[in-house]
Amino acid sequence: MATVSVLCTAGSVPAIAAADRAAPYRWTNVTVGAGGYAPNIIFSPSEPGLAYLRTDMGGAYRWDVKAARWIPLQDGMAISSYMGVESIAVDPRDANIVYLAVGMAARLPAAILRSIDRGRTWTTTPVPFAMGGNEPGRGMGERLAIDPHNRSTLFFWIAP
């Protein structure tokens with residue numbers, strides 16, 4: 001496999017090395033590893049390379065740098081509505097702590113999930129309001145946040 005370094009200036013087209021033009025291109029399927037719409041990837045501010053992906057109806061995933069693949073974090077979850085991930089918040093100082101706001105749609109169970117082991121296990125706190133992991137607006141950003149000055153405080157924006 002060849003590596004190409006390209007330097008472009010405004011209006012220029014990069015030249016491709018002869019060896020790269022001759023190398024055959026192999027088209028293959030791409031493993032996404034998620035279900036439904038994937039509205040966001042959230043990166044840990046405390047550990048480079050640590051990232052989480054949320055989907056509207058396929059759960060949350062953690063990026064495994066060594067294996068170069070997404071690891072499902074909610075497979076086997078008993079309440080299917082929790083597979084709709086509304087938002088993810090990662091602790092700004094402790095890379096092991098992650099929260100999920102889960103619930104697929106109105107009139108379905110919703111909860112805040114907390115993990116202290118990067119999503120291997122979860123503590124569930126049901127909430128008395130609906131989430132919209134699979135509703136319009138799911139791609140408009142994260143609604144869950146950890147207070148950076150008091151990490152025991154979790155904020156969730158509830159739409160009016």
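Before reading further, recall that the structure is shown in the block above.
Computed from a prediction, not measured in an experiment: that's the story for all the values here.

Draft legend 1. Just the environment of D147, in detail. Mapped onto the elements of the fold, D147 is located in the loop between β9 (144-146) and β10 (154-156). Residue classification places D147 among the buried residues on the basis of a relative accessible area of 16%. Residues D147 and D91, 56 residues apart in the sequence, show an inter-C-alpha distance of 8.9 Å. Once you skip the residues sitting within four places of it in the chain, D147 turns out to touch T153 and F155. Only 2.8 Å separates the side chain of D147 from the backbone nitrogen of H149, close enough to count as a polar contact.

Draft legend 2. The sheet that holds strand β1 (residues 40-43), seen in detail. Strand order in the open sheet formed by four strands is β1-β2-β3-β4, with antiparallel pairing between adjacent strands. Of all the strands in the sheet, the pair left with one neighbour each is β1 and β4 (69-72). Neighbouring strand axes in the sheet, compared pairwise and without regard to direction, differ in orientation by 30° on average. Inspection of the sheet shows β1 paired to strand β2 (residues 51-54) by four bridges, in the antiparallel sense. Looking across to β2, one finds that N40 is bridged to R54.

Draft legend 3. Geometry of the pattern of salt bridges. One pass over the structure, following the stated rule, counts five salt bridges. Residue R151 pairs with D91 through a salt bridge whose shortest N-O separation is 2.8 Å. One end of the pair, R151, is in the loop between β9 and β10; the other, D91, is in the loop between β5 (85-90) and β6 (98-102), with 60 residues separating them in the sequence. Exposure remark for R151: the relative accessible area of 29% places this residue in the partly exposed category.

Draft legend 4. Focus on the sheet that holds strand β7 (residues 111-115). Ordered by their spatial adjacency, four strands build an open sheet running β5-β6-β7-β8, and the pairing between neighbours is antiparallel. Each edge of the open sheet is held by one strand with a lone partner, namely β5 and β8 (123-126). Going across the sheet, the axis of each strand differs from the next one's by a mean of 20°, ignoring polarity. Of the pairings in the sheet, the one linking β5 to β6 comprises five bridges and is antiparallel in character. If you follow I88 over to β6, its bridge partner there is L100.

Draft legend 5. Representation of the side chain of R143 in the model. Note on placement: R143 falls in the loop between β8 and β9. Among the polar contacts made by the side chain of R143, one reaches the side chain of E86 at a distance of 2.7 Å. Residues within four places of R143 in sequence aside, it is in contact with E86, S87, F155, F156, W157, I158 and A159.

Draft legend 6. A look at the nonpolar core. Ranked by size, the top nonpolar core spans 16 residues in total, and within it Y52, I88, L100, V102 and L113 carry the most contacts. Secondary structure elements with two or more residues in this core: β5, β6 and β7. If we skip the residues at most four places from it in the chain, V102 touches Q74, Y82, G84, V85, E86, P109, A110, A111, L113 and M131. In terms of nonpolar packing, the next biggest core, distinct from the first, is built from eleven residues, Y99, A110, L144 and I146 among them.

Draft legend 7. Examining the layout of surface pockets more closely. Volume-wise, the second largest pocket comes out at about 220 Å³. E86, P136, R143, W157 and A159 are, among the 15 residues lining the second largest pocket, the residues nearest its centre. Residues that form the lining of the second largest pocket fall into these classes: seven nonpolar, three polar and five charged.

Conventions we followed
Residues numbered from 1 in each chain as written. Predicted model: local features only at pLDDT ≥ 70, side-chain atom pairs only at ≥ 80, totals over all residues. Heavy atoms only, no water. Helix = DSSP H or I, 4+ residues; strand = E, 2+ residues; numbered from the N terminus. Buried < 20%, exposed > 50% of the residue type's maximum accessible area, 1.4 Å probe, protein only. Contact = heavy atoms within 4.5 Å. Polar contact = N/O pair within 3.5 Å; in protein donor to acceptor, adjacent residues only side chain to side chain. Pairing = 2+ DSSP bridges. Axes fitted to C-alpha atoms, helices over the stretch in contact; angles between N-to-C directions. Salt bridge = Lys/Arg side-chain N within 4 Å of Asp/Glu carboxyl O. Core = buried A, V, L, I, M, F, W, Y, C linked by side-chain atoms within 4.5 Å. 1 Å grid on protein atoms, 1.4 Å probe; cavity = no way out; pocket = protein on both sides within 12 Å on 5 of 7 lines; lining within 4 Å. Points joined across faces, edges and corners; volume = space filled by probe spheres on them. Nonpolar A, V, L, I, M, F, W, Y, C, P; charged D, E, K, R; others polar.

No statement about biological role is implied by the geometric values presented.
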